[in-house]
There are 2 protein chains.
Amino acid sequence: MPDATDADGLTVGQVSARLGVTVRALHHWDGIGLARPSLRTAAGYRLYTAGDLERLHRVVVYRELGLGLDGIRAVLDDSTADVPGALRAQRARVAERIDRLRQLSAGLDRMIDAHEHGLLLTIEQQVAVFGPQWNPDWPAQARQRYGDTTQWLQYAERSASRGPEEWQAVADAVAGLDRALGEAMDAGVTPGSPEANRLVERHREVFASYFPLTRRMQVCLGRMYEADPAFAAHYDGIRSGLATWFRRLVDASARAHGIDPDTATWR
Amino acid sequence: MPDATDADGLTVGQVSARLGVTVRALHHWDGIGLARPSLRTAAGYRLYTAGDLERLHRVVVYRELGLGLDGIRAVLDDSTADVPGALRAQRARVAERIDRLRQLSAGLDRMIDAHEHGLLLTIEQQVAVFGPQWNPDWPAQARQRYGDTTQWLQYAERSASRGPEEWQAVADAVAGLDRALGEAMDAGVTPGSPEANRLVERHREVFASYFPLTRRMQVCLGRMYEADPAFAAHYDGIRSGLATWFRRLVDASARAHGIDPDTATWR
DNA sequence: GCTTGACCCTCACGCCGCGTGAGGCTGGAG
DNA sequence: CTCCAGCCTCACGCGGCGTGAGGGTCAAGC
């Protein structure tokens, strides 16, 4: 007789191989009294009888159904236990977890999209929100340029939880600011004036819906508006010379907050 | 100024209320260095600045996506981190977990069905497997009678993982045994003979596919075959008097194994 | 100035189901 | 007699905090 079938007990290793559970699990179930071997050899080896194997098998079955060890113990030991009830409760828990995971997966999809495309709107929605002069390639271009900055990450994180209405609000705020800038320039607002500083603050707040903008970063942004052809075209399109004028507003405001605009850096 | 907005920091309680995380979580994140407050009061109170809040907010966002704290740390701290890659990996993990949970749910359904109906086959399958004299109400009746016994539980557990083919095998074994019993009775096999004991053992083995049957239980079963009208009808339908003859076979075999059939109990 | 009650602090254990060693016997084969 | 696989018993670790214990702090009301 090589090892097993008609012996009066199987060792942990043999049971492990038969039932596909680890030896450690058998030790554990023995330790907590869930399924203990009826016998031990003189040397202390655990010996599982046929009856023990029955019980172990049942443990394995219910464990595969995701029941906790206490639940399994109840099912096996308490003859008054409502087994179908316990199973249904377990099924409800599982359904709940599936639901949560699905929502989670959807959230991940949104976030991945936001990271990769910058916007989660269809082309139609983009045009509807941002107006006809909107170029759908801009988010992709922005990602090209800024995709490896912390600010892009924050932008993407916020984009992921922004629907069309919220984007509309952002777009409205930007448009309102553009208009206000144009009118202020018409009205001859000069850098450093209270009116000018209010506009600079308003710009910072509007921008904060993309990512938090420090005053130093705002200085750099002002210079970019002036230097970058695309930005300059936009602002000079509102009023000729507006980009430069706005940069001077930002510089003045920064100086008023103790920042030297000529040495300010993005970080 | 009541509490917060322009103070130079928020306490744990305030942050907790704003971000919807527990105070303990803030402590934990501080403890592991994931998100620590920049300031402390003289008394040691944590004070979270606006910048700290930014970071906390990002932690919350990624935590809601199911990232582990180490993953979040990587995303927040390592500017070279592949954020979309991490998110995609997380999505894959989530999909995997959903899959497992779905299988688990299906298993639970099967088990619940098995517990409630006793069989997981359609009526057509039942008739195909068990023959035209099969009554589809039998499993429900069996549940009525035995639904609160350990053996019913084990029967249900095994049924849950048995398909039509396996049921066919069981049905074939049962039919084969019935035939063999009839032929043995014709041949004048007497209780206690080796031939008779072989048949009794074969009955025990066939029955073991439903649930483990001890010799004592088999004795009780033999008596039930004789006493219960439905069982008696079945066995006496094979050969007149077969139920009683078989009961005597079982009794004799039990005696040969040191069991007194007149005092044997199910348990 | 003293009390009260809401907040805050720092340990430190608990959870769930084992995985993973460490350190040391046992048992059958060569 | 030696080897090596297999067994034993501790005991820590994991993930992300929950939940006290035991004790300071702060603003308000008396």
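Residues numbered from 1 in each chain as written. Chains lettered and ligands numbered in written order. Predicted model: local features only at pLDDT ≥ 70, side-chain atom pairs only at ≥ 80, totals over all residues. Heavy atoms only, no water.

## Regarding helix α6 (residues 123-130) of chain B
All names here are of chain B.
Working step 1: Three or more residues of α6 are buried, namely Gln126, Val129 and Phe130. Down the axis of α6, the buried set is contained in an arc of 80 degrees. They therefore lie on one face. The exposed set on the far side of α6, more than 90 degrees from its buried face, consists of Glu124 and Ala128.
Working step 2: In this structure, the buried side of α6 is in contact with α7 (138-146) and α9 (164-186).
Working step 3: Positive backbone phi, approximately 95 degrees, marks Gly131, located one or two places after α6. (Buried < 20%, exposed > 50% of the residue type's maximum accessible area, 1.4 Å probe, protein only. Helix = DSSP H or I, 4+ residues; strand = E, 2+ residues; numbered from the N terminus. Arc of directions from axis to C-beta. Contact = heavy atoms within 4.5 Å.)

## Thoughts on the packing of helix α11 (residues 215-227) of chain A against helix α12 (residues 229-238) of chain A
The angle between the axes and the distance between the axes are what describe a pair of packed helices.
All names here are of chain A.
Working step 1: Where α11 meets α12, the closest approach of the two axes is 5 Å, and the angle between their N-to-C directions is 85 degrees. Relative to α12, α11 is oriented roughly perpendicular. For the pair formed by α11 and α12, the contact residues are Met224, Tyr225, Glu226 and Ala227 on the first element and Pro229, Phe231, Ala232 and Tyr235 on the second.
Working step 2: Its residues assigned to classes, the contact of α11 with α12 comprises seven nonpolar, no polar and one charged. (Axes fitted to C-alpha atoms, helices over the stretch in contact; angles between N-to-C directions. Parallel < 35°, antiparallel > 145°, perpendicular 65-115°, else oblique. Nonpolar A, V, L, I, M, F, W, Y, C, P; charged D, E, K, R; others polar.)

## Some remarks on the interface of chain B and chain A
Working step 1: At the interface, 36 residues of chain B touch 36 residues of chain A.
Working step 2: At the boundary of chain B with chain A, total buried surface from both sides reaches about 3300 Å², with 66% on carbon and sulfur atoms.
Working step 3: Three residues, Arg58, Leu101 and Leu108 of chain B, lead the burial of chain B against chain A; their summed loss comes to 17% of the area buried on that side.
Working step 4: The interface formed by chain B and chain A includes four salt bridges.
Working step 5: On the surface where chain B and chain A come into contact, there are six residue pairs in polar contact (both at pLDDT 80 or more).
Working step 6: Counting only elements with at least two residues in the side of chain B that touches chain A, the list comes to α3 (50-64), α5 (83-117) and α8 (150-160) of chain B.
Working step 7: Broken down by element, the side of chain B that touches chain A gets its largest block of residues, 20 residues, from α5 of chain B.
Working step 8: For the side of chain B that touches chain A, the class distribution of residues is 16 nonpolar, eight polar and twelve charged. (Buried area = accessible area lost by both parts, 1.4 Å probe. Salt bridge = Lys/Arg side-chain N within 4 Å of Asp/Glu carboxyl O. Polar contact = N/O pair within 3.5 Å; in protein donor to acceptor, adjacent residues only side chain to side chain.)

## Quick look at the protein's contact with DNA strand D
Working step 1: Taken together, 19 residues are adjacent to DNA strand D, and Thr11, His27 and Arg46 of chain A together with Arg24 and Arg63 of chain B come closest.
Working step 2: Counting only the atoms of DNA strand D within 4 Å of the protein, the fraction contributed by sugar and phosphate is 71%.
Working step 3: One nitrogen or oxygen atom from the side chain of Arg40 of chain A is found 3.1 Å from a phosphate oxygen belonging to DNA strand D.
Working step 4: Leu69 of chain B places a polar main-chain atom, nitrogen or oxygen, 3.5 Å from a phosphate oxygen of DNA strand D.
Working step 5: Secondary-structure elements contributing two or more residues to the surface near DNA strand D are α1 (12-19) and α2 (23-31) of chain A together with α2 (23-31) of chain B.
Working step 6: Among the elements that line the surface near DNA strand D, the one with the most residues is α2 of chain B, at four residues.
Working step 7: In terms of residue class, the surface near DNA strand D is built from seven nonpolar, seven polar and five charged. (Near = heavy atom within 4 Å.)

## Describing the relation of the copies chain B and chain A
Working step 1: Rotating chain B by 179 degrees and moving it 0.0 Å along the rotation axis overlays it on chain A with an RMSD of 0.2 Å. Here the transformation between the copies is reduced to the relation of a two-fold axis. The rotation axis passes nearest to the C-alpha of Ile98 of chain B in chain B, at a distance of 3.0 Å.
Working step 2: Most of the interface of chain B is mirrored in chain A, where 100% of its interface residues again form contacts. (Least-squares fit on C-alpha atoms with pLDDT ≥ 70 in both.)

## Thoughts on the protein's contact with DNA strand C
Working step 1: The environment of DNA strand C is formed by 19 residues, the closest being Arg63 of chain A together with Thr11, Gly13, His27 and Arg46 of chain B.
Working step 2: In the interface set of DNA strand C, defined as its atoms within 4 Å of the protein, sugar plus phosphate atoms amount to 76%.
Working step 3: Elements that contribute at least two residues to the surface near DNA strand C include exactly α2 of chain A together with α1 (12-19) and α2 of chain B.
Working step 4: Residues belonging to the surface near DNA strand C are distributed by class as follows: seven nonpolar, seven polar and five charged.

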